Amino acid sequence: MAGDRWLNLIQTAQKTAIIQDGKRKIHFLLEDGREMVEEYHIETNVLVRRAWKETGKLGQNVGWNVEIGDPEPMQNNIEVCGIQESSNAPSISRRITKTSLEWRIRNLPYPLNVYSVTAEGDGTITVRTSNKKYFKKLVVPDLERVELKPEQDRISVTHQYNTLIITYKKPPALLEFEKKVFSEILQAKSSKDSGIQCPTS
């Protein structure tokens, strides 16, 4: 069944949960050794953050790769590799609501009619501009996990404050799948200990 692999990963992971700052924070140690942290809003049960612990080739901790939520601050980048990304470069953050998946691409100053956002057969959503200034393929892991491809009629786009906001209405299969995953998460034992290894939000 679609989504079984991801559900099995969640079921078999070692889970540690704490309630902190109005959020349910869960640390997962997966059977394959990977580590993931999720944060759910206590009142809405909506996922507000998902991050994966990244390790270098020699096994050293190189920080967190944020899948959902605002990216980690990049203050050490210039020290690590001697270059710093321009603060004016487009940056993408992902959010989830009860009914939608959402991408926010900041630092895109062009008017709305310049953008084309299309569902692709390879499972991505492609953003391009008619002035050839921006092109990006957005991966949709939430749909990949339930073996669905994006549908054009579920996509809507707005633009404000130099930010392109792409909203994708969740299909029924994804809504049902999220319920199953959340019921597994509710079974994780909660701890009062705030020493859990979480990336800062």
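Here the residue numbering is sequential within each chain, running from 1 through the sequence in written order. pLDDT decides what is reported in this predicted model: residues at 70 or higher carry local features, side-chain atom pairs at 80 or more are listed and counted, and totals for whole chains, interfaces and linings draw on all residues regardless. Water and hydrogen atoms were dropped before computing side-chain values, which therefore reflect all heavy atoms in the structure.

For the chain, the name recorded in an unreviewed UniProt entry is Protein DPCD, with Dufourea novaeangliae as its organism. Entered under Sequence similarities (unreviewed entry) in the UniProt record, the comment concerning the chain runs "Belongs to the DPCD family." UniProt positions are given in the numbering used here, feature names are shortened, and annotations may be inferred rather than shown by experiment.

Pairs of strands are assigned from DSSP output, requiring at least two bridges between the strands. Going along the chain from the N terminus, every DSSP run of H or I of four or more residues is numbered as a helix, and every run of E of two or more is numbered as a strand. What the three strands build is an open sheet, ordered 8-9-10; its pairing is antiparallel. Strand pairing shows two members of the sheet lacking a second neighbour, strand 8 (115-119) and strand 10 (135-138), which therefore form its edges. Strand after strand, the sheet turns through a mean of 15° between neighbouring axes, direction not considered. Sheet topology places strand 9 (residues 125-129) next to strand 10; four bridges connect them, and they run antiparallel. Looking at strand 10, one finds that Val127 is bridged to Lys136. For every element, the axis is a line fit to its C-alpha atoms; helices are fit only across the contacting stretch, and the angle between N-to-C directions ranges from 0 to 180 degrees.

Here we take up the pairing of strand 11 (residues 155-160). With six bridges joining them, strand 11 and strand 12 (residues 163-169) adopt antiparallel strand pairing. The partner of Ile155 across the bridge, within strand 12, is Tyr168. Once strand 11 ends, the chain turns through two residues before running back antiparallel as strand 12, passing Tyr161 with a positive phi of about 50°.

Moving on, we get to the pattern of salt bridges. Definition used for salt bridges: Asp or Glu carboxyl oxygen within 4 Å of a side-chain nitrogen of Lys or Arg. Under the counting rule described, the total for this entry stands at 14 salt bridges. Between Glu35 and Lys53 there is a salt bridge, with its nearest N and O atoms 3.7 Å apart. Pair noted here: Glu35 is in strand 3 (residues 35-41) and Lys53 is in strand 4 (residues 47-55), with a separation of 18 residues, a long-range link. Residue Asp70 is joined to Arg95 by a salt bridge in which the shortest nitrogen-to-oxygen separation is 3.3 Å. Residue Asp70 is located in the loop between strand 5 (61-68) and helix 2 (77-81), and its partner Arg95 is located in strand 6 (residues 91-96); the two are separated by 25 residues in the primary sequence. Here Asp70 falls in the partly exposed class, since its relative accessible area comes to 38%. Judged by relative accessible area, Arg95 falls into the partly exposed class, the value being 30%. Connected via shared salt-bridge partners are Glu38, Arg50, Glu67 and Arg145. The buried label goes to any residue with under 20% of its type's maximum accessible area, the exposed label to any with over 50%, and the partly exposed label to all in between, with areas taken from a 1.4 Å probe on protein chains only.

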